[in-house]
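Listed below are the residues making up each chain.
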Amino acid sequence: MKNLTILLLLSISTSLFAQKDKNIEEITFIGLKRTKESFLQRLIKTKEHTVYDSIMVHADLERLKRLPGIASASYRIEERDNKKILIYDVVENFTIIPGLRIATANDGSFSYRISAFEFNLFGNNQLIGGFYEKNIFNSYGAFWEHPFLFSDKLGVGVNYQDLTTEEPVFYPQGEKNYRFNSRNAEAKLLFSFNFKNEAELGASFVKESYEFEGEEPIPNTPLSLAADKIIYKGVYRFVDLDIDYQYFNGVISEFTGQYIQFLDGDGDAENFLGSFTSLKNDFIYYKKVQNRGNWASRLRLAAAFGNNDSPFAPFTLDNQLNIRGVGTTVDRGTAAIVLNTEYRHTFYEKGWFVLQGNAFVDAGSWRNPGEEFSQLFDGSSTRLYPGVGFRFIHKRIFNAVFRLDYGLGIGNNSTNGIVFGIGQYF
């Protein structure tokens, strides 16, 4: 009995010493210049004086690499003075980003959008910025987000946009252009439930108007419409992604639901701009291929319910949104299925610079206002656009991907064209 007691005490003592030996006594970050260490300490789940868990540390590492302020990160364990120290080695991004987008407006004139955003304000990854756009008319917007204002799980965002563009509306009798204006003030809460699950919940007040542009209106169609609306918006995002500079591996699924409530309007506004529900889901899959390749695919499903006959439909067919080479706002729909798939290959990489080429296929179909869901599958509204492009990437500047794509339409009455933008297409 005595020997058994001694054996148990030795076993417990050994276990306790082993447990202590596995404890992380200190966590430190090296390579930080603008990002605050206190912010990162609050964000990671691994804490000092806790047992070392390689799975948790790896998850923290991936979370750090998703932050706009961090380009890359690695970790190592060191022993100092009989203490286990966890060291994160961080490479920061430059996060004050100017932007430029060039396109052709619906009237054939030159249009552009210039912007400037800071993605790591005060060293805790706040976002602040704005844009000015000249697209026949003047537009502007301002944004602020603090995803971690209240805790590592809860933040806020606000923005204001005043958008004025020339928008085509497609009636059965033909296409007509309207001067569209939307003044939108939005506030939202940002949730980070855990490493892979995020959500947004917000509302915006919108003043919206359409004014007919031209000399020959279509009979029995409105010349002007104006409406006040409230948009209730919810977003759920699942992210399981491993990022290594320009290479992505994993999945993203983002669901957006909106209820657009009509409050008041002029004339026939309620008939054309009335209340409806909008649902959209983007599923994105990334796969790294050997050392230099990356396969990326996005499936977008979208549908609107209520006010289905209105030609002022919520989903647009556009170069910058879904089908490269198709043109600027060339169609509208009340439902859509879009598949974008592309192979990206790194041709040259040295230091901070990467030259990447890509080959893609963009395909999609739309349900026109007043039509059944079966139109999505009968081929009458299907577009198919293969193409090629280039990417010029700066590895030390957040989202500094300058893309140039050429899409070539297949089928009757198809178009083709060049699409320029900043950031990967998806």
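Caption draft 1: View of the side chain of Asn 319. Position of Asn 319 relative to the elements: it lies in the loop between β17 (315–317) and β18 (331–333). Here Asn 319 is in contact with Arg 324, Gly 325, Val 326, Gly 327, Thr 328, Val 419 and Tyr 425, once residues within four sequence places are set aside.

Caption draft 2: Layout of the nonpolar core. Among the nonpolar cores identified, the biggest contains 17 residues, and Ile 27, Phe 29, Leu 40, Leu 64, Leu 67, Ile 70 and Tyr 88 are the most heavily contacted of them. Of all the elements in the fold, those that place two or more residues in this core are β2 (26–30), α2 (37–43), α3 (54–66), β4 (70–80) and β5 (83–92). Aside from chain neighbours lying at most four places away, what touches Phe 29 is Glu 37, Leu 40, Gln 41, Ile 44, Leu 64, Tyr 88 and Val 90.

Caption draft 3: Main features of the environment of Val 330. You can see Val 330 is positioned in the loop between β17 and β18. Counting along the chain gives 161 residues from Val 330 to Val 169, while the straight-line C-alpha distance between them is 9.1 Å. Beyond its immediate sequence surroundings of up to four residues, Val 330 is in contact with Phe 170 and Leu 317.

Caption draft 4: How the structure looks around the sheet that holds β2. Strand order in the open sheet formed by three strands is β2-β5-β4, and the pairing between neighbours is mixed. Looking at strand neighbours, the two that pair on one side only are β2 and β4, the edges of this open sheet. Each strand of the sheet is rotated relative to its neighbour by a mean of 20°, with strand direction disregarded. In the sheet, β2 pairs with β5 via five bridges, with the strands oriented parallel. Its bridge partner being in β5, Glu 26 is matched across the sheet by Ile 85. Sheet strands touched by α3: β2, β4 and β5. Its angle to β4, the strand with the most contacts, is close to 150°.

Caption draft 5: Geometry of unusual backbone geometry. Not every positive phi belongs to a glycine, and Asn 125 is a case in point at roughly 60°. Along the chain, Asn 125 falls in the loop between β7 (110–121) and β8 (126–135). On the basis of relative accessible area, Asn 125 is assigned to the buried category, the value being 5%. Located in the positive-phi region is Thr 329, a residue other than glycine, with phi close to 45°. Looking at where Thr 329 falls in the secondary structure, it is placed in the loop between β17 and β18. Residue classification places Thr 329 among the buried positions, given a relative accessible area of 11%.

Rules used in this analysis
Residues numbered from 1 in each chain as written. Predicted model: local features only at pLDDT ≥ 70, side-chain atom pairs only at ≥ 80, totals over all residues. Heavy atoms only, no water. Helix = DSSP H or I, 4+ residues; strand = E, 2+ residues; numbered from the N terminus. Contact = heavy atoms within 4.5 Å. Core = buried A, V, L, I, M, F, W, Y, C linked by side-chain atoms within 4.5 Å. Buried < 20%, exposed > 50% of the residue type's maximum accessible area, 1.4 Å probe, protein only. Pairing = 2+ DSSP bridges. Axes fitted to C-alpha atoms, helices over the stretch in contact; angles between N-to-C directions.

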